[in-house]
Structures are given as structure tokens and as C-alpha cells.
Amino acid sequence: MKGYRKYFGKKIVWFLLTLFIAFILNFVLPRMMPADPVANIMSKTARGISDTATTKAMYDNYVKVFGLDKPEIEQFFTYLKNAARGDFGLSFSQYPRKVNDIISNAILWTLGLQLPAIIVGWLIGNILGALAAYIKKGFDKLLMPLSLFLSCVPAFGMAVIMLGIFATKLNIAPTAGGYGYDLIPNFSWTFIKSVIAHYQLPFWSIVIISIGGQAIGMRSMSIYELNADYVKYSRYLGVKDSKIVGYVFRNAMLPQVTGLALSLGTMVGGALVAEIIFSYPGLGTTLLSAVTSSDYPVLSATTLIITLMVLIASFTIDIIYGFIDPRVKAAQFD
Amino acid sequence: MKNTIRQVFHSPKFVVGFSIFVLVLLSLFIYPLFVPGNPLQMVGLSSFSEPGTYVSVYDAIDSEPDIMKLPEADAKRLADKLNEEDRAAMKEWLLLIGIPEADIDTTDTKSLLKLWEEKYDPSLKPAGMTMAKRNYYKRLNTNLEQALNASEVVIATENAETGALEEAKVVTDTDYINTKDVINSITLPLGTDNFGRDTLKELVSAAKTSIMIGLIAGSIATFIGLSTGLLAGYIGGWVDELILFITNLFTVIPGFIILILVSYGIGQENRGATTCAIVIGFTSWTWTTRSVRSQVISLRNRDHVNLSKLSGHSLLRIILNDILPYIASYVVMALILQISTAILAEAQLSMLGLGPKTTEIPTLGLMMNWAMLYSAHTHGYWWAYFPVLLIIALISFSLNLMNTGLDQVFNPTLRD
């Protein structure tokens, strides 16, 4: 167990470090924007007020409320302190609404959509890839080009096509939103049914997209392993085929686990844009509205949450990997 | 070198991918030669016109008609006149006056009309029917009668002085004109977009810009990845540690998020296509660094490199002569993949409203963005978004296919 502690300790330090740097980037980059965010709110709230003194007072008030009058470094530490407590301040575009208010629901929708979709897509992709490598012949000939093509369609593209076919043309799925527009979120049967109906298209479009890439990766890993020396050696020894296949797929699976951790960021990014197509009430849609209304408190909170989610997911995968890869275990006991 | 290229072109996957890519590229350059003009010119004043050939009705009146009698012309005209709503209304009337539902088939225009002709009586007042509804049926009936006993249509011009209408031309139902005789006509193979622009012309120009963005971003990413990978792998020590640290950092922090933040920070006004390409290039080099680094590490202690070192060759010379040729295939593969990811990245950014400035040139992502903003997808205007997606997928597919082909040539273990 001591060896594991070292491994996990290293991973935790790495996790905290990346989080901190991601946090700095999150704070600095949006603030480089040339446009004045306060002027943006003023254009909405101060419409029709012609008195310069009043507008000046309003402007100063907003600057004070958002803490923009303090030096950048002080703003940073205030932000850090508040963010650690889970408080992301006030929204610019929907002032005086709190950022937490806006994104807290979105987080649940996004998690509920993307986590199952990516896991299901990863599983199906791996199974298909392994089958393609093992069966070869017709299945492989058909599956390979198809997966390659699927992995080239961007996630939002699949979303648009699914929407065009199932919602617009066939009319068997709702076109937008996370639940019926005439419903108020509650725990009634109608609401849950509506959520499930709205869930199908976004879910399957993300799944289908993830299948392609994973299948290709798993197939080439499996082919590589099937040609490895230990497989030939086992064959010469007369080990049963099913047993060899078990070894092969276990070995081919390991890089796929790391691969998932590495491609998670890309997958989440694609899925966020797919959310926009369905006007799904998740973080992707929040991101879009934050961009269009140049609301950087919401924008940086959203990107920070997404980064945090991806970091936690990769961290979890790293931990799982530590348990399932015998090489990690061996290395720790040296 | 010559041998390698020959070997590469023996890989069927590479050849297929390469041909698709070259074909796409060729058509992008040839199409504007045949259909010149500004791709952003707004031809249509209404948005989302369907694909097809549009001839000027005004000019068509002046053209000399030929007399033709097409079979089924009347039936088609009638079927066209009767929309779903009218059919349903006719059924409603027939039901009201006591015709059994089984006898009414709204999909069969002929039998429906026959039944209607027999049973409809304008003087009848079914119970519970409002005046407005009865008038609606009267109008419907007149329309149908007109369509049945095709009468002539008179085109009149207004006399400038008296304001009276004067007969200019009589059009009968057997008049046909050749579309070539109409002076003003336009063929829109993919209709128009929300601004009334020719979608195909725009698409060709957009695809060209997107490929350019891909090339710029891909070259930048490959260049950064190659140089950092070479430095980290060959020099090692703290340089390696530092580069590896930064690389790992940006592999874990989603590149897409950094891209969003940087693009947002730059601001809408400063984002041209080239700026976008540069930003994408600067945020997507980590993969190349990783793979180049691991390749170089395995090469670093080979005999020929050591020999070069002992002969006192400079660092630059060793890298150029003894290391680069061995990793060239990886670099080319990385470049190809970078180009395809960059094209996708641009599209995704534009979908978020963080793409290039919208006024100057179209890109594939911007076209998607516009189509979505004007909800082409929920209205079924497939021509505004489907061809764009197809081009994105086709370019990306061909590049990936080339990459897989190269991979199989240079990694014999992957061959089937």
C-alpha cells in the first residue's frame, strides 16, 4: 500500500498544480478583452438617462460592485478566495443575478448528459474495435471505414443531422431544450418523461461520435497485441484461444483507458457545442450566451467548472489505472 | 525518398484519402472559374430559397411561348392547388353532410374531387357551421372550379395616364416557355442562405478559407511541437523536464477551453481568419511534442547519432541530418492530423460565436453558425447546413484516411 500512496500522492500534487494554473489562465485571459464590460451593462440599464452625473454615478457604482476599481492582483485573490468557497460573483449581463445561480443547474444537466454518453460511447467503441480486430474479414472491412468516417464528423454535425432527421423530418423527437417548454422542473411523472424524451437525441449523437474514435484505437491496439510475441508463444504452448484473447484484450484495454483520459478534453469540448444545437440547458448553452453577451464572470466560471470536471475525470481515470495496470503496481514495489 | 513516396502510394487507404482531398481541393479552385463573383453577394432578398433554377416571372411574360400538351398536366395542377389543410376541410364538410368516413380518401385527389363535385352544395347550411366557414368553402369551391375548367389568365399593364388596365398578354394553360429564353435566370444548386447568398458559391469560398486556416494552424502547431519535441528529447535534462511539464499541463487542461478563453480575450474586432488560425495553432501542439519527444529519445543513443557526436558535428547538423529524416514520417502524419483538427476547431469556435469576424469572408464554421442562428435545422432548410457538414466531414475523412495509410506504411505491425 505504501507504493500506492506515493503514486496517488504524485497524482494529487499534479492535480492541484494543474488546477491552479488553469485557474490563473481562467482569470487572466478573459480580462484581456478590449471591450469595457461595464459599458456593456450601462448600455442596457442606463438607456434613456441623459444626465451625465447620474450615468457617471451609475458607472462608478457598477465598477465598485464588481470590484473593478481594485488592482488586478487584489481582484485575483478576492476571486480565488470566493471561488474556493464556490462563489463566482455577479453576472454582468443578468445583473444582479449571481453566477452560481446561472450555472448551478447547467452543471447538473451537462454532467447528466455527458458522463453517461462518453462512458457508453467508450464501451461500445472498444467492444466493436476489439471485435473488428478479432473477426477481421467482412466485419472489419465494413466497420473500419465507417468508424473512420464517423470519427471525422464533428459532434455538432452529428447533432444537427440527428435533429434534422428525427425531430424535424420524422417528428418523433423534440427539437430543443432539456424538457418541455410548458413544464416547470419538478418530480412528476410528466416531467421525467419529458426529460427522457429530450435526452435521447443529444445522448445518442455524443455516443455515436465517441464510438468511431474509440473503435479505431482499440482495433489497432488489439491488432498490435495479437501480433505480439507472447501471443505466438502461448499459441505454440497450446494455450486455449479464448484465454489468449482474454490476455490480448486486457492488454489492449490499458492504453485505451489512458487514451480516454487524454481525449476527454476534446470529447467534452465537442459535446458542449453539440449541446448548443439542442439548446440543452447545460454549460455549452451557458457558454454561448456568456460569449454573446460578453459576460466574463459567467464565462470564466463556466470554463473553470468544465476544466475542473475534466481534471477530476482524468484524475479518477489515473487512480483507476493505478489499480488495473500491474506495471504501475510493480513499479511502486521496486 | 523516391522509394518512400512510391511505397506510400501503394497503400490503398492513402491513395483513396489523397484522391478525395485533391478532388475537393481541385473543385474548390475550378468552380469559381466557371461561376465567378463575390461569394458574399446577396442574390436573394428573401432568406433560405430552395435549391433550383429561378427564372424571372417578369421576363418570362415577354418570351414567346410554345404550345404543349403534357399528359396529367391538369391533375398535377389540381393536386398542387389542394394543400393538406384544404383536403382536411373538404373531408370535414363531406363528413358533416353524412358521407361515411371509409368513402373519403384525402390522399387520392381524383376520387376526392369527384366526390366533392357530386356532393358539394353552396346553399346547404350544415348545423353549427359559421358564416365565415361557409364562405371559406365557397372560395375553395370556386378555386377548384377555376382549376378544373382552366381558363386563360390575362396579364394587364396599367396605363400611365388614365390608370386603366390594358390587356397586354393572354396566358393559357398550354403555354410553355424554354427557361433558356428567359433573359434573367439564376441556378442555385444549393439554394440561398439566411442572408440570401448563393450557398454553393459561399461554401466553395468558405471551404477554401477553412483549409487555409487548417494549413496555417497545422503548420504552426507542427512547428512548435517539432521544435519543442526535438529540444526536449535530444537535450534532455531540465529542458526536457520543463517542456514535458508544460506539455502535460496543456494536455490535461482542455485545449478547447484555452481556445475559448484566448479567442474571447482577443475580442471580436481583432479576430480575422489568420488570427484565428494562429490562435488554434498555438493551442494544439501538445500531441506533436509528445510523439516527437518519445521518437527522439529512442533515436538519441543510436550508433549513427553517437558517431556524428564524436565527429564533432554541431547540434543543428545532428538534428537536421541524423534525427529529422528518421522522424519525418511522424511529422508529416502529425501535420495532417493537425490540419484536420484545426478545421474542426475553427468550426466549433465559430459555433460558439468566437470564430473569425463575420463580415469579411465566410468559413465553414461561420456558415454553420449562421444556419444555426437562423434555425435552419429546425425548419428543414437542409441545404444551408448539410453540405457544410459534408464538406467538413469529407476533408477531415480524407486527411484521416491519408494518416492511417501512412501509419500502416511506416508501422508494419499495424498492417492487416
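Residues numbered from 1 in each chain as written. Chains lettered and ligands numbered in written order. Predicted model: local features only at pLDDT ≥ 70, side-chain atom pairs only at ≥ 80, totals over all residues.

Draft legend 1. Spatial organisation of the overall build of chain B. Looking only at helices and strands, chain B features 17 helices and six strands. For 416 residues, the compact-globule formula gives about 22 Å, and the C-alpha radius of gyration of chain B, at 33 Å, lies well above that figure. Each principal axis of the C-alpha atoms in chain B carries an extent, and together these give about 110 × 50 × 45 Å. For chain B, with 416 residues in total, the buried portion stands at 35%. Of the contacts made within chain B by residues no fewer than 6 positions apart, 74% connect residues no fewer than 24 positions apart. (Helix = DSSP H or I, 4+ residues; strand = E, 2+ residues; numbered from the N terminus. Rg over C-alpha atoms; globule rule 2.2 N^0.38 Å. Buried ≥ 20, exposed ≤ 12 C-beta atoms within 10 Å, placed from the backbone. Contact = placed C-beta atoms within 7 Å.)

Draft legend 2. Expanded view of the overall build of chain A. If you tally the helices and strands in chain A, you get 13 helices and zero strands. Listed N to C, the secondary structure of chain A is α-α-α-α-α-α-α-α-α-α-α-α-α in terms of helices and strands. Taken along its principal axes, the extent of the C-alpha atoms in chain A is 90 × 60 × 40 Å. Across the 334 residues in chain A, those meeting the buried criterion constitute 39%. Of the contacts formed within chain A by residues at least 6 apart in sequence, a portion of 73% connects residues at least 24 apart.

Draft legend 3. Structural detail: the environment of A:R235. Following the sequence through the fold, A:R235 ends up in helix α9 (residues 229-237). On the basis of neighbour counts, which here come to 11 C-beta atoms within 10 Å, the residue A:R235 falls in the exposed class.

Draft legend 4. Examining helix α8 (residues 199-235) of chain B more closely. Look at α8(B): 52 Å from first C-alpha to last across 37 residues, which is about the 54 Å you get at 1.5 Å a residue. Extensive coverage of α8(B) is indicated by the burial of 28 of its 37 residues. (Expected span 1.5 Å × (residues − 1).)

Draft legend 5. Region of interest: the environment of A:Y199. Positionally, A:Y199 belongs in helix α8 (residues 189-226). Once the C-alpha coordinates of A:Y199 and A:W109 are considered, the two residues, 90 residues apart in sequence, prove to be 9.9 Å apart.

Draft legend 6. Representation of the interface of chain B and chain A in the model. Taken together, the contact pairs 38 residues of chain B with 49 residues of chain A. Residues of the side of chain B that touches chain A, tallied by class, amount to 25 nonpolar, 13 polar and no charged. (Nonpolar A, V, L, I, M, F, W, Y, C, P; charged D, E, K, R; others polar.)

Draft legend 7. Expanded view of the confidence of the model for chain B. Residue and element names in this part refer to chain B. Within chain B, residue pLDDT values average 84, and 97% of them lie at 70 or more. Mean pLDDT per element in chain B: helix α4 (residues 73-81) is the minimum at 74, and α8 is the maximum at 92. Among the prediction metrics, the complex's ipTM stands at 0.82, with pTM recorded as 0.83. (pLDDT = per-residue confidence, 0-100.)

Draft legend 8. Main features of the packing of helix α11 (residues 273-282) of chain B against helix α14 (residues 315-351) of chain B. Residues and elements named next belong to chain B. Put simply, α11 and α14 touch, their axes get as near as 10 Å, and they point 115° apart. As for the relative orientation of α11 and α14, their crossing is right-handed in sense. Contacts between α11 and α14 involve C276, I280 and G281 from the former and A342, A345, E346 and L349 from the latter. (Axes fitted to C-alpha atoms, helices over the stretch in contact; angles between N-to-C directions. Left-handed = near helix turned anticlockwise from the far one by under 90°.)

Draft legend 9. Molecular detail of the domain arrangement of chain B. Assigned domains within chain B: domain 1 (2-43 + 193-414) and domain 2 (53-187). Each of domain 1 of chain B and domain 2 of chain B has a C-alpha centre, and the two are 56 Å apart. (Domains from an automatic or database assignment.)

Draft legend 10. Region of the structure containing helix α12 (residues 286-300) of chain B. Residues and elements named next belong to chain B. With 15 residues, α12 extends 21 Å from end C-alpha to end C-alpha; this agrees with the ideal 21 Å at 1.5 Å per step. Restricting attention to buried positions, one finds in α12 the residues T286, W287, T288, T289, R290, V292, R293 and V296. Buried residues along α12 sit against α8, α9 (237-252) and α14.

Draft legend 11. Spatial organisation of unusual backbone geometry. Phi at A:S279 is positive, roughly 45°, even though this residue is not glycine. Along the chain, A:S279 turns up in the loop between α10 (241-277) and α11 (283-292). In this model, B:F48 sits at a positive phi of 55°, which is unusual for a non-glycine residue. With respect to the helices, strands and loops of the structure, B:F48 is situated in the loop between α2 (12-34) and β1 (52-55). When the 20 C-beta atoms within 10 Å are taken as the criterion, B:F48 is described as buried.

Draft legend 12. Structural context of the packing of helix α10 (residues 255-266) of chain B against α11(B). Residues and elements named next belong to chain B. At a minimum axis distance of 10 Å, the contact between α10 and α11 shows a crossing angle of 145°. Judged by the twist between their axes, the crossing of α10 over α11 is right-handed. Contact with α10, carried on its side by L259, V262, S263 and I266, involves T275, V279 and I280 of α11 and no other residues of that element. The class makeup of the residues in the contact of α10 with α11 is five nonpolar, two polar and no charged.

Draft legend 13. Molecular detail of the pairing of strand β3 (residues 153-158) of chain B. Residue and element names in this part refer to chain B. Of all six residues that make up β3, zero are buried, and the element is exposed over most of its length. Inspection of the sheet shows β3 paired to strand β4 (residues 165-171) by six bridges, in the antiparallel sense. By the bridge assignment for β4, V154 is matched with V170. Adjacent in sequence and paired antiparallel, β3 and β4 are bridged by six residues, among which G163 carries a positive phi angle near 80°. (Pairing = 2+ DSSP bridges.)

Draft legend 14. Structural context of the environment of A:F139. All names here are of chain A. One can find F139 in helix α6 (residues 137-152). The exposure class assigned to F139 is partly exposed, which follows from the 14 C-beta atoms found within 10 Å. Filtering out sequence-adjacent residues up to four positions away, F139 remains in contact with L131 and A132.

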